[in-house]
Amino acid sequence: MNTLKRLAGWIWMALAPAAVWLLANTAHSEIARNPTMDTRIQWTVFILVFIPIAFGLLLFGWFAWKGEYDRLPESSAEVAED
Amino acid sequence: MQLQQQDQAANPIWKVIGASSVGTLIEWYDFYIFGSLAPIIAAQFFPQTNPTAALLATLATFAAGFIVRPFGALVFGRLGDLVGRKYTFLLTLILMGGSTFAIGLVPGYERIGFAAPIIVLLLRLIQGLALGGEYGGAATYVAEHAPDGKRGYYTSWIQTTATLGLLLSLGVILGTRSSLDPDATISVQKFEEWGWRIPFLLSILLVGVSVYIRLRMKESPLFTEIKASGKISKNPLRESFVHRANLKMVLLALFGMVMGQGVVWYTGQFYAQTFMENVCRLDFGQTRTILIWAIVLATPGFILFGWLSDRIGRKWIMLLGMFLAIISYRPIYQQMLAISDTKGMTADPARGRVDRTILPAGNSDHSLVNVTTIAQFDNGIIEKEVRKDTLYLSEKPTAKGKGKISRTLPSGRYWQMIGLVFIQIMFVTMVYGPIAAFLVELFPTRIRYTSMSLPYHIGNGVFGGLTPFIALLLTTIRQGDPLVGLWYPIGVATVCLIIGTLYVSNRIDPNVND
């Protein structure tokens, strides 16, 4: 199970830039199709909000690959220590 | 633990749940009435004829839902971990109630010009901030009072508030809309002119009662304990999102549970409503009553699944809800379309009629012609089409083009539609009922408010809140498939289901006092 968790980490790491690329591409074509201020604002907000989330997914994948989720903490003391 | 027991004598758990839930319910009510009345508010404050005002409308919609909510989670989460739960969620309640009441008082664009949309935008941003801080506080407050082994059950009452807030907003809006005049059409007109302010103004009474109740409550016993022993976090934001051990749990909460929960929640309770109104073309009032019935019937599910999660664990209940949603959304929505379809049906000429009214068009010599065509089909659906056109002096009184269609379902189909929405809300209760207990148990007391608020509001505000927009966008990109919008919630929930299955533990934390 832990091997699977670690290998799947690569999927999450790949999914993050893929999602940003898809979003940016769609934003570009949607703004070109309807170049109004409304469309620009909507897509700028989408991209600004999703970039940090995608970075979070990348980080999640990295942690998974490094085996950080092989065993989850069972007490707050384990979460607090670092 | 001893402190918790002493507190239970002074602050009985049902009093704690009542005080927390009523306030949270009112905050959801306040947040939803703006969304439900968006077209009327847009007409009052953000006229589309003025590009700057229309721009502010877009900002009000997007900023409050997507940016400000997570930001509110950070601001108030930090405050809750530094100052305490009680005063923080009291502050969010006052901010939310005050801004909602103020929206009801702002004069329209016609009277004060640009000041109107700017004031409304600022008030809407305050609403978003306050909502971002409220939920984490209420859930933490109840969970920290709840006895071990019953955390899922007690926090599930807090989980009913988002849905009941929606129910209350729908009920107040429908009630006000229909009670301003004995004539139904005039009542709707009055509502659109000034009656829409009533649900906003009413908020101050509800908030006043809730603030009074919350002021009488004591601080969470666990927070009091860590405060007394000097263990309060000096920098909750840093401890929550920079320390690796906690950050990885925040990411797990977001990607392994909350983002899937968010899209299931918004699909069942918001996209279903949008779909009935815009794709199935159902009547405004009927879509609202369908949702009201479905919510009333499904709400006990929150308590049931919260209670069950104390017995069998939180993980599999929530993931099962996601799985059922993923596999059944397309058949459910296909059936919703079929129930409201009139294609291939024959209209009964004896029961149909055409009403034509001609009104003067402002100060011009022309007139406005309104043609209302009512047809009843052999499957019982009544279809009303309203077409409007300008009538020039030389023309005959006809209205061209396709008008606005609204359908009314007969009793049998109406109840089938309620059943289909009810199923979706049952999925909501499965994913949402146990989530407060799940989140509370992931994080330590000293940084709990901050750590659980951010993933909750990204999952619900961003992933969930985007559901109607992305679904609509997909339908414009791939026209011809009315169900294409469902791929967004299905896709997000599927990724979440896989991550949750692989990485999330089903273990119930026996001790949240640490």
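Because the structure is a prediction, the values reported are computed rather than measured.

Draft legend 1. Structural detail: the overall build of chain A. Within chain A, the regular secondary structure consists of three helices and zero strands. The order of helices and strands in chain A, counted from the N terminus, is α-α-α. Along the longest, intermediate and shortest principal axes, the C-alpha atoms of chain A span 50 × 25 × 15 Å. A burial count over chain A gives 21% of its 82 residues as buried. Within chain A, contacts between residues separated by at least 24 positions form 74% of all contacts whose residues are at least 6 apart in sequence.

Draft legend 2. The environment of Ser229(B), seen in detail. The residue Ser229(B) is located in the loop between helix 11 (221–228) and helix 12 (236–241) in this model. C-alpha of Ser229(B) to C-alpha of Phe323(B): the two residues are 94 residues apart in sequence and 44 Å apart in space.

Draft legend 3. Just unusual backbone geometry, in detail. All names here are of chain B. In the Ramachandran plot, Arg 281 falls in the positive-phi region, its phi being about 60 degrees despite a non-glycine side chain. As for its placement among the helices and strands, Arg 281 is situated in the loop between helix 13 (244–278) and helix 14 (284–298). For Arg 281, a count of 19 C-beta atoms within 10 Å translates into the label partly exposed.

Draft legend 4. Just helix 19 (residues 448–464) of chain B, in detail. With 17 residues, helix 19 of chain B extends 22 Å between its outermost C-alpha atoms, agreeing within 8% with the 24 Å of an ideal straight helix rising 1.5 Å per residue. Counted residue by residue, helix 19 of chain B has 17 buried out of 17 residues, so it is predominantly covered.

Draft legend 5. Representation of the interface of chain A and chain B in the model. At the junction of the two partners, chain A supplies 28 residues and chain B supplies 26 residues. Going through the elements one at a time, helix 1 (2–33), helix 2 (37–65) and helix 3 (76–80) of chain A are the ones with two or more residues in the side of chain A that touches chain B. At 13 residues, the largest contribution of residues to the side of chain A that touches chain B is made by helix 2 of chain A. When its residues are assigned to classes, the side of chain A that touches chain B shows 18 nonpolar, four polar and six charged.

Draft legend 6. Focus on the nonpolar core. Judged by nonpolar contacts, the single largest core of 156 residues is most densely connected at Val142(B), Met322(B), Val431(B) and Leu439(B). Ranked by residue count, the leading element in this core is helix 13 of chain B, at 20 residues.

Draft legend 7. Seen up close, the environment of Thr26(A). Assignment of secondary structure puts Thr26(A) in helix 1. The class for Thr26(A) is partly exposed, based on 17 C-beta atoms found within 10 Å.

Draft legend 8. How the structure looks around the packing of helix 16 (residues 315–339) of chain B against helix 17 (residues 411–432) of chain B. Residue and element names in this part refer to chain B. Orientation of helix 16 relative to helix 17, taken along the N-to-C sense of each, is 160 degrees, at an axis distance of 8 Å. With respect to helix 17, the axis of helix 16 lies roughly antiparallel. Like other packed secondary-structure pairs, helix 16 and helix 17 cross with a definite hand, here left-handed. Of the residues in helix 17, those in contact with Ile 317, Met 318, Leu 320, Gly 321, Met 322, Leu 324, Ala 325, Ile 332, Gln 335, Met 336 and Ile 339 of helix 16 are Arg 413, Gln 416, Met 417, Leu 420, Ile 423, Gln 424, Phe 427, Met 430 and Val 431.

Procedures and definitions
Residues numbered from 1 in each chain as written. Chains lettered and ligands numbered in written order. Predicted model: local features only at pLDDT ≥ 70, side-chain atom pairs only at ≥ 80, totals over all residues. Helix = DSSP H or I, 4+ residues; strand = E, 2+ residues; numbered from the N terminus. Buried ≥ 20, exposed ≤ 12 C-beta atoms within 10 Å, placed from the backbone. Contact = placed C-beta atoms within 7 Å. Expected span 1.5 Å × (residues − 1). Nonpolar A, V, L, I, M, F, W, Y, C, P; charged D, E, K, R; others polar. Core = buried A, V, L, I, M, F, W, Y, C linked by C-beta atoms within 7 Å. Axes fitted to C-alpha atoms, helices over the stretch in contact; angles between N-to-C directions. Parallel < 35°, antiparallel > 145°, perpendicular 65-115°, else oblique. Left-handed = near helix turned anticlockwise from the far one by under 90°.

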